Number of protein chains: 2
Amino acid sequence: MKETLSIVKIGGNIIEDNDGLFQLLQSFSHMKGAKILVHGGGKKATEMGNKLGIEAKMTNGRRITDAQSLDVAVMVYGGLVNKNIVAKLQGLGTNSIGMSGADGGSIRAHKRAVQEVDFGFVGDIEAVNAQGVFSLLQTGFTPVFCALTHDGKGQLLNTNADTIASELAVGLTSHFETTLYYCFEKKGVLRNVSDENSVITHIDSHSYKTLLEEGIISDGMLPKLHNCFYALQNKVKKVCIGDSSMIRNESTTFTTLTL
Amino acid sequence: MKETLSIVKIGGNIIEDNDGLFQLLQSFSHMKGAKILVHGGGKKATEMGNKLGIEAKMTNGRRITDAQSLDVAVMVYGGLVNKNIVAKLQGLGTNSIGMSGADGGSIRAHKRAVQEVDFGFVGDIEAVNAQGVFSLLQTGFTPVFCALTHDGKGQLLNTNADTIASELAVGLTSHFETTLYYCFEKKGVLRNVSDENSVITHIDSHSYKTLLEEGIISDGMLPKLHNCFYALQNKVKKVCIGDSSMIRNESTTFTTLTL
(Lines give C-alpha, C1' and ligand atoms only; values in the text may rest on other atoms or scores of the structure.)
Protein backbone atom coordinates (compact mmCIF):
# COMPACT_ATOMS: atom_id res chain seq x y z
CA MET A 1 0.00 0.00 0.00
CA LYS A 2 1.20 3.49 -0.82
CA GLU A 3 2.10 5.96 1.93
CA THR A 4 -0.29 8.84 2.48
CA LEU A 5 0.43 12.42 1.43
CA SER A 6 -1.56 15.46 2.58
CA ILE A 7 -1.45 18.61 0.48
CA VAL A 8 -2.84 21.63 2.32
CA LYS A 9 -3.55 24.84 0.40
CA ILE A 10 -4.13 27.93 2.53
CA GLY A 11 -5.88 30.99 1.21
CA GLY A 12 -5.12 34.68 1.41
CA ASN A 13 -7.32 35.45 4.42
CA ILE A 14 -5.30 33.04 6.58
CA ILE A 15 -2.00 34.57 5.39
CA GLU A 16 -3.19 38.02 6.46
CA ASP A 17 -4.17 37.00 9.99
CA ASN A 18 -0.93 36.44 11.96
CA ASP A 19 -2.57 34.56 14.85
CA GLY A 20 -4.76 32.49 12.56
CA LEU A 21 -1.75 31.64 10.38
CA PHE A 22 0.27 30.54 13.40
CA GLN A 23 -2.60 28.32 14.61
CA LEU A 24 -2.89 26.81 11.14
CA LEU A 25 0.86 26.13 11.04
CA GLN A 26 0.64 24.47 14.46
CA SER A 27 -2.13 22.21 13.21
CA PHE A 28 -0.23 21.51 10.00
CA SER A 29 2.93 20.62 11.93
CA HIS A 30 0.92 18.01 13.87
CA MET A 31 -0.40 16.28 10.74
CA LYS A 32 1.02 12.76 10.36
CA GLY A 33 2.70 11.41 7.26
CA ALA A 34 4.23 13.19 4.28
CA LYS A 35 2.77 16.65 3.70
CA ILE A 36 3.07 19.73 1.52
CA LEU A 37 1.82 23.26 2.21
CA VAL A 38 0.76 25.55 -0.66
CA HIS A 39 0.03 29.22 -0.04
CA GLY A 40 -1.23 32.19 -1.98
CA GLY A 41 -0.24 35.71 -1.08
CA GLY A 42 -3.58 37.35 -0.48
CA LYS A 43 -3.74 41.09 -0.46
CA LYS A 44 -0.13 41.51 0.67
CA ALA A 45 1.12 41.68 -2.92
CA THR A 46 -1.51 44.28 -3.83
CA GLU A 47 -0.63 46.29 -0.71
CA MET A 48 3.08 46.14 -1.55
CA GLY A 49 2.36 47.11 -5.16
CA ASN A 50 0.37 50.10 -3.91
CA LYS A 51 3.22 51.16 -1.59
CA LEU A 52 5.62 50.97 -4.53
CA GLY A 53 3.25 52.97 -6.72
CA ILE A 54 2.60 50.04 -9.04
CA GLU A 55 -1.00 50.05 -10.14
CA ALA A 56 -2.79 46.72 -10.44
CA LYS A 57 -3.61 46.42 -14.15
CA MET A 58 -6.96 44.92 -15.05
CA THR A 59 -8.52 44.02 -18.40
CA ASN A 60 -12.15 42.91 -18.48
CA GLY A 61 -12.00 42.50 -14.71
CA ARG A 62 -9.03 40.13 -14.92
CA ARG A 63 -5.71 40.95 -13.33
CA ILE A 64 -2.72 41.41 -15.64
CA THR A 65 0.77 40.47 -14.41
CA ASP A 66 3.22 42.87 -16.02
CA ALA A 67 6.98 42.75 -15.27
CA GLN A 68 6.66 45.05 -12.26
CA SER A 69 3.72 43.13 -10.78
CA LEU A 70 5.64 39.88 -11.26
CA ASP A 71 8.58 41.32 -9.29
CA VAL A 72 6.20 42.24 -6.48
CA ALA A 73 4.68 38.73 -6.51
CA VAL A 74 8.17 37.19 -6.40
CA MET A 75 9.15 39.41 -3.47
CA VAL A 76 5.96 38.91 -1.48
CA TYR A 77 4.96 35.29 -2.27
CA GLY A 78 8.45 33.84 -2.80
CA GLY A 79 10.20 36.00 -0.20
CA LEU A 80 8.21 37.58 2.61
CA VAL A 81 5.34 35.10 2.96
CA ASN A 82 7.18 31.90 2.05
CA LYS A 83 10.33 32.43 4.14
CA ASN A 84 8.35 33.52 7.21
CA ILE A 85 6.14 30.41 6.97
CA VAL A 86 9.25 28.24 6.58
CA ALA A 87 10.92 29.83 9.63
CA LYS A 88 7.74 29.45 11.72
CA LEU A 89 7.36 25.78 10.74
CA GLN A 90 11.01 25.18 11.66
CA GLY A 91 10.21 26.71 15.06
CA LEU A 92 7.36 24.21 15.35
CA GLY A 93 9.67 21.27 14.60
CA THR A 94 8.64 20.72 10.98
CA ASN A 95 11.63 20.56 8.63
CA SER A 96 10.12 22.80 5.97
CA ILE A 97 11.75 23.89 2.73
CA GLY A 98 10.41 26.83 0.73
CA MET A 99 9.73 26.26 -2.95
CA SER A 100 8.62 28.05 -6.06
CA GLY A 101 8.02 25.97 -9.18
CA ALA A 102 11.53 26.98 -10.31
CA ASP A 103 13.18 25.42 -7.23
CA GLY A 104 14.29 21.90 -8.01
CA GLY A 105 12.57 22.35 -11.39
CA SER A 106 9.44 21.27 -9.57
CA ILE A 107 6.68 22.92 -11.65
CA ARG A 108 7.19 23.95 -15.27
CA ALA A 109 4.62 26.20 -16.93
CA HIS A 110 4.28 28.24 -20.11
CA LYS A 111 3.27 31.85 -20.41
CA ARG A 112 -0.47 31.86 -21.05
CA ALA A 113 -1.15 32.19 -24.77
CA VAL A 114 -2.58 35.56 -25.79
CA GLN A 115 -6.15 35.19 -27.02
CA GLU A 116 -8.56 37.98 -26.18
CA VAL A 117 -6.42 39.13 -23.27
CA ASP A 118 -2.64 39.15 -22.70
CA PHE A 119 -2.39 38.18 -19.04
CA GLY A 120 1.34 38.90 -19.00
CA PHE A 121 3.61 36.74 -16.87
CA VAL A 122 0.96 34.21 -15.91
CA GLY A 123 1.91 30.55 -16.18
CA ASP A 124 -0.29 27.60 -17.14
CA ILE A 125 1.22 24.42 -15.71
CA GLU A 126 2.78 21.92 -18.13
CA ALA A 127 4.49 19.43 -15.85
CA VAL A 128 5.14 18.62 -12.21
CA ASN A 129 8.53 17.05 -11.48
CA ALA A 130 7.03 14.45 -9.16
CA GLN A 131 10.33 12.59 -8.77
CA GLY A 132 12.07 15.76 -7.53
CA VAL A 133 9.36 16.60 -5.00
CA PHE A 134 9.19 12.93 -3.97
CA SER A 135 12.93 12.91 -3.27
CA LEU A 136 12.55 15.95 -0.99
CA LEU A 137 9.70 14.25 0.89
CA GLN A 138 11.70 11.02 1.16
CA THR A 139 14.64 12.95 2.63
CA GLY A 140 12.32 14.23 5.35
CA PHE A 141 11.67 17.74 4.06
CA THR A 142 8.21 19.32 4.08
CA PRO A 143 7.91 21.49 0.95
CA VAL A 144 6.13 24.85 1.25
CA PHE A 145 5.07 26.05 -2.20
CA CYS A 146 4.27 29.63 -3.16
CA ALA A 147 2.20 30.58 -6.20
CA LEU A 148 5.11 30.88 -8.65
CA THR A 149 6.26 28.61 -11.49
CA HIS A 150 8.89 28.93 -14.23
CA ASP A 151 9.07 28.23 -17.94
CA GLY A 152 12.31 26.23 -17.80
CA LYS A 153 14.05 28.93 -19.83
CA GLY A 154 14.79 31.34 -16.99
CA GLN A 155 11.45 33.12 -16.65
CA LEU A 156 9.39 33.08 -13.45
CA LEU A 157 5.60 33.07 -13.83
CA ASN A 158 2.65 33.82 -11.58
CA THR A 159 0.35 30.81 -11.17
CA ASN A 160 -2.86 30.31 -9.21
CA ALA A 161 -2.16 28.60 -5.88
CA ASP A 162 -5.28 26.38 -6.08
CA THR A 163 -4.02 25.04 -9.40
CA ILE A 164 -0.52 24.47 -8.03
CA ALA A 165 -2.04 22.44 -5.18
CA SER A 166 -4.18 20.28 -7.48
CA GLU A 167 -1.38 19.69 -10.00
CA LEU A 168 1.02 18.71 -7.20
CA ALA A 169 -1.62 16.35 -5.81
CA VAL A 170 -2.16 14.75 -9.21
CA GLY A 171 1.57 14.55 -9.99
CA LEU A 172 2.32 12.80 -6.71
CA THR A 173 -0.39 10.11 -7.01
CA SER A 174 2.30 7.95 -8.66
CA HIS A 175 4.13 7.85 -5.31
CA PHE A 176 1.43 8.42 -2.68
CA GLU A 177 -2.19 8.00 -1.73
CA THR A 178 -2.98 11.69 -1.86
CA THR A 179 -5.55 13.86 -0.04
CA LEU A 180 -5.94 17.50 -0.98
CA TYR A 181 -7.20 20.08 1.54
CA TYR A 182 -8.40 23.51 0.44
CA CYS A 183 -8.41 25.66 3.54
CA PHE A 184 -10.19 29.02 3.31
CA GLU A 185 -12.43 31.39 5.29
CA LYS A 186 -15.65 29.39 5.06
CA LYS A 187 -16.64 26.10 6.66
CA GLY A 188 -17.02 24.44 3.27
CA VAL A 189 -19.07 24.64 0.10
CA LEU A 190 -22.30 26.42 1.09
CA ARG A 191 -25.76 25.63 -0.26
CA ASN A 192 -26.74 29.19 0.54
CA VAL A 193 -23.89 31.73 0.41
CA SER A 194 -25.55 33.93 3.00
CA ASP A 195 -25.87 31.06 5.50
CA GLU A 196 -22.45 30.04 6.91
CA ASN A 197 -24.02 26.90 8.36
CA SER A 198 -25.41 25.56 5.09
CA VAL A 199 -22.28 23.46 4.44
CA ILE A 200 -22.74 20.64 1.94
CA THR A 201 -20.83 17.87 3.72
CA HIS A 202 -20.35 15.58 0.74
CA ILE A 203 -20.18 16.15 -3.00
CA ASP A 204 -19.61 13.42 -5.58
CA SER A 205 -19.57 13.55 -9.40
CA HIS A 206 -23.33 13.05 -9.51
CA SER A 207 -24.30 15.74 -6.97
CA TYR A 208 -21.63 18.08 -8.43
CA LYS A 209 -23.47 17.98 -11.76
CA THR A 210 -26.77 18.77 -10.03
CA LEU A 211 -25.25 21.60 -7.97
CA LEU A 212 -23.83 23.12 -11.17
CA GLU A 213 -27.17 22.85 -12.94
CA GLU A 214 -28.97 24.42 -10.00
CA GLY A 215 -26.46 27.31 -10.01
CA ILE A 216 -25.54 26.64 -6.36
CA ILE A 217 -21.85 26.54 -7.31
CA SER A 218 -20.97 29.84 -8.90
CA ASP A 219 -18.40 32.66 -9.01
CA GLY A 220 -15.14 31.87 -7.17
CA MET A 221 -16.28 28.35 -6.24
CA LEU A 222 -16.49 27.32 -9.91
CA PRO A 223 -12.71 27.18 -10.59
CA LYS A 224 -12.07 25.79 -7.08
CA LEU A 225 -14.44 22.86 -7.59
CA HIS A 226 -13.16 22.40 -11.13
CA ASN A 227 -9.67 21.93 -9.61
CA CYS A 228 -11.10 19.48 -7.07
CA PHE A 229 -12.78 17.22 -9.63
CA TYR A 230 -9.80 17.49 -11.97
CA ALA A 231 -7.70 16.11 -9.08
CA LEU A 232 -10.23 13.35 -8.25
CA GLN A 233 -10.47 12.31 -11.91
CA ASN A 234 -6.68 11.97 -11.89
CA LYS A 235 -6.34 9.54 -8.98
CA VAL A 236 -6.30 11.92 -6.01
CA LYS A 237 -8.18 9.97 -3.36
CA LYS A 238 -10.10 12.69 -1.58
CA VAL A 239 -10.48 16.47 -1.55
CA CYS A 240 -11.66 18.46 1.48
CA ILE A 241 -12.77 22.09 1.56
CA GLY A 242 -13.20 23.97 4.83
CA ASP A 243 -11.73 26.40 7.33
CA SER A 244 -8.61 25.91 9.48
CA SER A 245 -10.40 23.71 12.04
CA MET A 246 -10.57 21.01 9.34
CA ILE A 247 -6.76 20.62 9.61
CA ARG A 248 -6.94 20.41 13.41
CA ASN A 249 -8.56 17.00 13.12
CA GLU A 250 -11.41 18.12 15.35
CA SER A 251 -14.89 16.81 14.74
CA THR A 252 -15.89 19.64 12.52
CA THR A 253 -18.05 20.43 9.55
CA PHE A 254 -16.45 20.67 6.13
CA THR A 255 -17.04 19.50 2.58
CA THR A 256 -15.58 16.20 1.40
CA LEU A 257 -15.41 15.57 -2.33
CA THR A 258 -15.02 12.15 -3.92
CA LEU A 259 -15.62 10.83 -7.44
CA MET B 1 38.99 10.15 -1.56
CA LYS B 2 36.20 12.63 -0.91
CA GLU B 3 34.25 14.18 -3.77
CA THR B 4 34.93 17.84 -4.49
CA LEU B 5 32.54 20.66 -3.61
CA SER B 6 32.79 24.22 -4.94
CA ILE B 7 31.12 27.03 -3.01
CA VAL B 8 30.89 30.25 -5.00
CA LYS B 9 29.91 33.47 -3.26
CA ILE B 10 28.95 36.34 -5.55
CA GLY B 11 28.96 39.94 -4.43
CA GLY B 12 26.52 42.78 -4.82
CA ASN B 13 28.10 44.37 -7.88
CA ILE B 14 27.53 41.16 -9.88
CA ILE B 15 23.89 40.96 -8.73
CA GLU B 16 23.26 44.48 -9.98
CA ASP B 17 24.65 43.90 -13.47
CA ASN B 18 22.14 41.73 -15.38
CA ASP B 19 24.53 40.73 -18.19
CA GLY B 20 27.41 40.13 -15.80
CA LEU B 21 25.18 38.02 -13.57
CA PHE B 22 24.00 35.92 -16.49
CA GLN B 23 27.61 35.32 -17.62
CA LEU B 24 28.54 34.33 -14.07
CA LEU B 25 25.60 31.92 -13.89
CA GLN B 26 26.65 30.40 -17.23
CA SER B 27 30.17 29.84 -15.89
CA PHE B 28 28.80 28.47 -12.63
CA SER B 29 26.51 26.05 -14.48
CA HIS B 30 29.56 24.66 -16.32
CA MET B 31 31.50 23.96 -13.11
CA LYS B 32 31.98 20.22 -12.54
CA GLY B 33 31.14 18.38 -9.33
CA ALA B 34 28.88 19.33 -6.45
CA LYS B 35 28.44 23.08 -6.07
CA ILE B 36 26.65 25.74 -4.04
CA LEU B 37 26.03 29.39 -4.93
CA VAL B 38 25.79 32.04 -2.18
CA HIS B 39 24.65 35.56 -3.00
CA GLY B 40 24.28 38.86 -1.25
CA GLY B 41 21.71 41.41 -2.31
CA GLY B 42 23.85 44.44 -3.01
CA LYS B 43 22.14 47.77 -3.25
CA LYS B 44 18.82 46.32 -4.35
CA ALA B 45 17.59 46.04 -0.75
CA THR B 46 18.61 49.62 -0.02
CA GLU B 47 16.90 50.79 -3.23
CA MET B 48 13.72 48.88 -2.34
CA GLY B 49 13.83 50.28 1.21
CA ASN B 50 14.10 53.79 -0.23
CA LYS B 51 11.15 53.20 -2.56
CA LEU B 52 9.10 52.02 0.43
CA GLY B 53 10.17 55.03 2.47
CA ILE B 54 12.14 52.91 4.95
CA GLU B 55 15.27 54.74 5.99
CA ALA B 56 18.44 52.71 6.45
CA LYS B 57 19.24 53.04 10.16
CA MET B 58 22.88 53.42 11.08
CA THR B 59 24.63 53.58 14.47
CA ASN B 60 28.34 54.41 14.57
CA GLY B 61 28.46 53.79 10.83
CA ARG B 62 27.02 50.26 11.22
CA ARG B 63 23.77 49.27 9.60
CA ILE B 64 20.90 48.32 11.94
CA THR B 65 18.35 45.75 10.78
CA ASP B 66 15.00 46.72 12.29
CA ALA B 67 11.81 44.74 11.60
CA GLN B 68 10.98 46.75 8.47
CA SER B 69 14.51 46.43 7.06
CA LEU B 70 14.41 42.69 7.73
CA ASP B 71 11.17 42.41 5.72
CA VAL B 72 12.84 44.22 2.83
CA ALA B 73 15.87 41.91 3.03
CA VAL B 74 13.59 38.86 3.05
CA MET B 75 11.68 40.17 0.02
CA VAL B 76 14.74 41.18 -1.98
CA TYR B 77 17.37 38.56 -1.03
CA GLY B 78 15.03 35.63 -0.37
CA GLY B 79 12.48 36.52 -3.06
CA LEU B 80 13.48 38.74 -5.98
CA VAL B 81 17.20 37.95 -6.23
CA ASN B 82 17.13 34.31 -5.12
CA LYS B 83 14.17 33.13 -7.21
CA ASN B 84 15.40 34.88 -10.35
CA ILE B 85 18.84 33.26 -9.99
CA VAL B 86 17.19 29.88 -9.44
CA ALA B 87 14.99 30.29 -12.55
CA LYS B 88 17.98 31.40 -14.66
CA LEU B 89 20.10 28.45 -13.50
CA GLN B 90 17.22 26.09 -14.34
CA GLY B 91 17.21 27.65 -17.81
CA LEU B 92 20.93 26.84 -18.02
CA GLY B 93 20.34 23.19 -17.11
CA THR B 94 21.46 23.40 -13.46
CA ASN B 95 18.90 21.91 -11.07
CA SER B 96 19.08 24.75 -8.55
CA ILE B 97 17.06 25.06 -5.35
CA GLY B 98 16.80 28.39 -3.52
CA MET B 99 17.59 28.40 0.17
CA SER B 100 17.65 30.65 3.18
CA GLY B 101 19.16 29.30 6.38
CA ALA B 102 15.59 28.52 7.51
CA ASP B 103 14.95 26.20 4.55
CA GLY B 104 15.71 22.64 5.51
CA GLY B 105 16.92 24.04 8.85
CA SER B 106 20.21 24.53 7.03
CA ILE B 107 21.77 27.42 9.00
CA ARG B 108 20.77 28.27 12.56
CA ALA B 109 21.90 31.54 14.08
CA HIS B 110 21.17 33.65 17.15
CA LYS B 111 20.28 37.32 17.25
CA ARG B 112 23.53 39.17 17.84
CA ALA B 113 23.91 40.00 21.54
CA VAL B 114 23.48 43.69 22.36
CA GLN B 115 26.76 45.18 23.57
CA GLU B 116 27.49 48.75 22.55
CA VAL B 117 25.14 48.53 19.61
CA ASP B 118 21.85 46.68 19.08
CA PHE B 119 22.15 45.53 15.48
CA GLY B 120 18.54 44.32 15.45
CA PHE B 121 17.63 41.22 13.45
CA VAL B 122 21.20 40.26 12.59
CA GLY B 123 22.17 36.63 13.06
CA ASP B 124 25.50 35.18 14.14
CA ILE B 125 25.76 31.61 12.90
CA GLU B 126 25.59 28.79 15.46
CA ALA B 127 25.35 25.67 13.33
CA VAL B 128 25.21 24.46 9.75
CA ASN B 129 23.02 21.40 9.14
CA ALA B 130 25.64 19.75 6.95
CA GLN B 131 23.67 16.51 6.69
CA GLY B 132 20.64 18.34 5.31
CA VAL B 133 22.63 20.29 2.71
CA PHE B 134 24.59 17.12 1.86
CA SER B 135 21.34 15.23 1.22
CA LEU B 136 20.21 17.95 -1.22
CA LEU B 137 23.54 17.76 -3.05
CA GLN B 138 23.39 13.95 -3.13
CA THR B 139 19.91 14.12 -4.65
CA GLY B 140 21.34 16.24 -7.46
CA PHE B 141 20.16 19.67 -6.36
CA THR B 142 22.41 22.73 -6.51
CA PRO B 143 21.57 24.93 -3.50
CA VAL B 144 21.49 28.71 -3.99
CA PHE B 145 21.77 30.46 -0.63
CA CYS B 146 20.74 34.01 0.14
CA ALA B 147 22.02 36.02 3.10
CA LEU B 148 19.31 34.97 5.58
CA THR B 149 19.37 32.59 8.53
CA HIS B 150 16.88 31.72 11.30
CA ASP B 151 17.02 31.21 15.05
CA GLY B 152 15.17 27.88 15.04
CA LYS B 153 12.30 29.50 16.96
CA GLY B 154 10.53 31.09 14.01
CA GLN B 155 12.57 34.26 13.54
CA LEU B 156 14.43 35.06 10.31
CA LEU B 157 17.74 36.90 10.65
CA ASN B 158 19.98 38.89 8.31
CA THR B 159 23.46 37.37 8.04
CA ASN B 160 26.53 38.41 6.07
CA ALA B 161 26.80 36.39 2.83
CA ASP B 162 30.60 35.99 3.09
CA THR B 163 30.12 34.39 6.50
CA ILE B 164 27.36 32.11 5.21
CA ALA B 165 29.71 30.94 2.45
CA SER B 166 32.60 30.21 4.82
CA GLU B 167 30.41 28.46 7.41
CA LEU B 168 28.82 26.28 4.69
CA ALA B 169 32.30 25.46 3.39
CA VAL B 170 33.51 24.50 6.86
CA GLY B 171 30.35 22.54 7.69
CA LEU B 172 30.59 20.47 4.52
CA THR B 173 34.26 19.48 4.93
CA SER B 174 32.97 16.36 6.71
CA HIS B 175 31.45 15.23 3.39
CA PHE B 176 33.55 16.91 0.70
CA GLU B 177 36.94 18.26 -0.27
CA THR B 178 35.80 21.87 -0.34
CA THR B 179 37.01 24.90 -2.29
CA LEU B 180 35.57 28.33 -1.55
CA TYR B 181 35.44 31.06 -4.21
CA TYR B 182 34.79 34.69 -3.30
CA CYS B 183 33.80 36.41 -6.50
CA PHE B 184 33.71 40.23 -6.45
CA GLU B 185 34.53 43.28 -8.59
CA LYS B 186 38.32 43.11 -8.30
CA LYS B 187 40.82 40.66 -9.74
CA GLY B 188 41.92 39.56 -6.28
CA VAL B 189 43.56 40.91 -3.15
CA LEU B 190 45.52 43.97 -4.27
CA ARG B 191 48.91 45.03 -2.93
CA ASN B 192 48.04 48.59 -3.93
CA VAL B 193 44.30 49.42 -3.86
CA SER B 194 44.72 52.00 -6.61
CA ASP B 195 46.43 49.54 -8.96
CA GLU B 196 43.98 46.92 -10.27
CA ASN B 197 46.89 44.86 -11.58
CA SER B 198 48.71 44.54 -8.26
CA VAL B 199 47.00 41.22 -7.46
CA ILE B 200 48.73 39.12 -4.81
CA THR B 201 48.44 35.68 -6.44
CA HIS B 202 49.09 33.60 -3.32
CA ILE B 203 48.63 34.21 0.38
CA ASP B 204 49.43 31.69 3.10
CA SER B 205 49.28 31.98 6.90
CA HIS B 206 52.77 33.40 6.98
CA SER B 207 52.38 36.07 4.30
CA TYR B 208 48.87 36.88 5.69
CA LYS B 209 50.47 37.88 8.99
CA THR B 210 53.00 40.09 7.19
CA LEU B 211 50.31 41.70 5.00
CA LEU B 212 48.28 42.49 8.13
CA GLU B 213 51.31 43.98 9.87
CA GLU B 214 52.16 46.09 6.81
CA GLY B 215 48.55 47.36 6.71
CA ILE B 216 48.14 46.14 3.13
CA ILE B 217 44.97 44.30 4.11
CA SER B 218 42.55 46.81 5.55
CA ASP B 219 38.94 48.03 5.53
CA GLY B 220 36.50 45.67 3.80
CA MET B 221 39.21 43.12 3.04
CA LEU B 222 39.85 42.49 6.74
CA PRO B 223 36.61 40.56 7.48
CA LYS B 224 36.78 38.86 4.06
CA LEU B 225 40.28 37.49 4.69
CA HIS B 226 39.35 36.64 8.25
CA ASN B 227 36.55 34.45 6.82
CA CYS B 228 39.03 32.88 4.38
CA PHE B 229 41.56 31.87 7.03
CA TYR B 230 38.80 30.76 9.38
CA ALA B 231 37.70 28.39 6.60
CA LEU B 232 41.25 27.17 5.89
CA GLN B 233 41.92 26.57 9.59
CA ASN B 234 38.77 24.44 9.62
CA LYS B 235 39.70 22.00 6.85
CA VAL B 236 38.54 23.90 3.75
CA LYS B 237 41.18 22.99 1.19
CA LYS B 238 41.55 26.21 -0.77
CA VAL B 239 40.01 29.68 -0.98
CA CYS B 240 40.13 31.83 -4.12
CA ILE B 241 39.31 35.54 -4.40
CA GLY B 242 38.84 37.22 -7.76
CA ASP B 243 36.40 38.48 -10.37
CA SER B 244 33.94 36.42 -12.44
CA SER B 245 36.63 35.27 -14.91
CA MET B 246 38.04 33.13 -12.07
CA ILE B 247 34.93 30.91 -12.28
CA ARG B 248 35.26 30.61 -16.06
CA ASN B 249 38.33 28.43 -15.60
CA GLU B 250 40.30 30.70 -17.94
CA SER B 251 43.97 31.27 -17.29
CA THR B 252 43.41 34.37 -15.25
CA THR B 253 44.86 36.28 -12.36
CA PHE B 254 43.30 35.88 -8.92
CA THR B 255 44.33 35.31 -5.32
CA THR B 256 44.65 31.79 -3.97
CA LEU B 257 44.75 31.35 -0.21
CA THR B 258 46.06 28.27 1.56
CA LEU B 259 47.17 27.59 5.11
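Every chain is numbered independently, its residues counted from 1 as its sequence is written. As a convention, the first chain written is A and the first ligand written is 1, with the rest following in written order. Where totals are concerned, whole chains, interfaces and linings use all residues; where local detail is concerned, this predicted model gives features only for residues with pLDDT of at least 70, and gives and counts side-chain atom pairs only at 80 or more. Each side-chain value is derived from all of the structure's non-hydrogen atoms; neither hydrogens nor water enter the calculation.

(A) Inspection of helix α5 (residues 130-138) of chain B at higher detail. Residue and element names in this part refer to chain B. Within α5, seven of the nine residues are buried, leaving the element largely enclosed by the surrounding structure. Only protein chains enter the accessibility calculation, which uses a 1.4 Å probe; a residue is then buried when its area is under 20% of its type maximum, exposed when over 50%, and partly exposed in between. Counting from the N terminus, the helices are DSSP H or I runs at least four residues long and the strands are E runs at least two residues long. Listed as buried for α5 are A130, G132, V133, F134, S135, L136 and L137. G140 occupies a position one or two residues after α5 and carries a positive phi of about 100°.

(B) Spatial organisation of the sheet that holds strand β8 (residues 142-145) of chain A. Residue and element names in this part refer to chain A. For two strands to be treated as a pair, DSSP must find no fewer than two bridges joining them. Reading across the sheet, the eight strands line up as β5-β8-β2-β1-β11-β13-β14-β12 and stay open at both edges, with mixed pairing between neighbours. The open sheet terminates on both sides in strands that have one partner only, identified here as β5 (96-99) and β12 (202-203). Note that β5 and β8 share four bridges and pair parallel. Bridge assignment links G98 to a residue of β8, and that residue is V144.

(C) Representation of the sheet that holds strand β2 (residues 34-39) of chain B in the model. Residues and elements named next belong to chain B. Within the open sheet, the eight strands sit side by side as β5-β8-β2-β1-β11-β13-β14-β12. Their pairing is mixed. At either margin of the open sheet sits one strand with a lone partner, and together these are β5 (96-99) and β12 (202-203). When β12 meets strand β14 (residues 255-257), the two strands line up parallel, connected through two bridges. Looking at β14, one finds that H202 is bridged to T256. Two residues qualify as a contact provided that any one of their heavy atoms is within 4.5 Å of a heavy atom in the partner residue. Angular values range over 0 to 180 degrees, each being the angle between N-to-C directions of two axes fitted as lines to C-alpha atoms, with helices fitted over their stretch in contact. Packed on one face of the sheet, α5 meets β1 (4-10), β2, β5 and β8 (142-145) and runs near 120° to β2.

(D) A look at the relation of the copies chain A and chain B. The copies were overlaid by least squares, fitting only the C-alpha atoms of residues that reach a pLDDT of 70 or more in each copy. Structural alignment of chain A on chain B gives an RMSD of 0.0 Å, achieved by rotating through 180° and translating 0.0 Å along the axis. What the superposition gives is, in effect, a two-fold axis relating one chain to the other. Taking C-alpha positions as reference, the residue of chain A nearest the rotation axis is G79 of chain A, located at 1.8 Å. Of the residues that chain A buries at the interface, 100% are likewise interface residues in chain B, meaning the two copies contact each other through the same surface.

(E) Spotlight on unusual backbone geometry. Positive phi, normally seen in glycine, also occurs at D219 of chain A, with a value near 50°. Here D219 of chain A shows up in the loop between α7 (205-213) and α8 (221-233).

(F) The interface of chain A and chain B, seen in detail. Every contact between the two is made by 37 residues of chain A and, on the other side, 37 residues of chain B. The buried area of a pairing is the accessible area, by a 1.4 Å probe, that goes missing from both parts when the two are put together, added over both. Here chain A meets chain B over a buried area of about 2,800 Å², counting both sides, of which 69% is carbon and sulfur. In protein, a polar contact requires one atom able to donate a hydrogen and another able to accept it; more generally it is a pair of N or O atoms within 3.5 Å, and residues adjacent in sequence count only if both atoms are side-chain atoms. The interface formed by chain A and chain B contains ten residue pairs in polar contact (both at pLDDT 80 or more). For the side of chain A that touches chain B, the element with the highest residue contribution is helix α4 (residues 67-91) of chain A, accounting for 14 residues. Per-class residue counts for the side of chain A that touches chain B are 14 nonpolar, 17 polar and six charged. Classification convention: Asp, Glu, Lys, Arg as charged; Ala, Val, Leu, Ile, Met, Phe, Trp, Tyr, Cys, Pro as nonpolar; all other residues, Gly among them, as polar.

(G) Broad picture of the UniProt feature "site: Transition state stabilizer" (unreviewed entry) in chain A. Residue and element names in this part refer to chain A. According to UniProt, the feature "site: Transition state stabilizer" (unreviewed entry) maps to K9 and K224 in the numbering used here. The greatest C-alpha distance among the annotated residues, which extend across 216 residues, is 11.4 Å, indicating that they converge on a single site. With respect to the secondary-structure elements, K9 resides in strand β1 (residues 3-10). For K9, a relative accessible area of 9% gives the class buried. A polar side-chain atom of K9 sits 2.8 Å from a polar atom in the side chain of D162. Mapped onto the elements, K224 comes out in helix α8. Assessed through its relative accessible area of 9%, K224 is described here as buried. Look past the residues within four positions of K224 in its chain and what remains in contact with it is K9, D162, Y182 and F184. UniProt positions are given in the numbering used here, feature names are shortened, and annotations may be inferred rather than shown by experiment.

(H) Up close: the environment of K2 of chain B. Residue and element names in this part refer to chain B. You can see K2 is positioned in the segment before β1. Linking K2 and V133, residues 131 residues apart in sequence, is a C-alpha distance of 16 Å. Within polar-contact distance, the side chain of K2 engages the backbone oxygen of T173 at 2.7 Å.

(I) Just the side chain of S106 of chain B, in detail. All names here are of chain B. Tracing the backbone shows S106 in the loop between β5 and β6 (107-111). Classification of S106 as buried rests on a relative accessible area of 2%. Apart from residues no more than four positions distant in its own chain, S106 is found in contact with M99, S100, G101, A127, V128, N129, V133 and F145.

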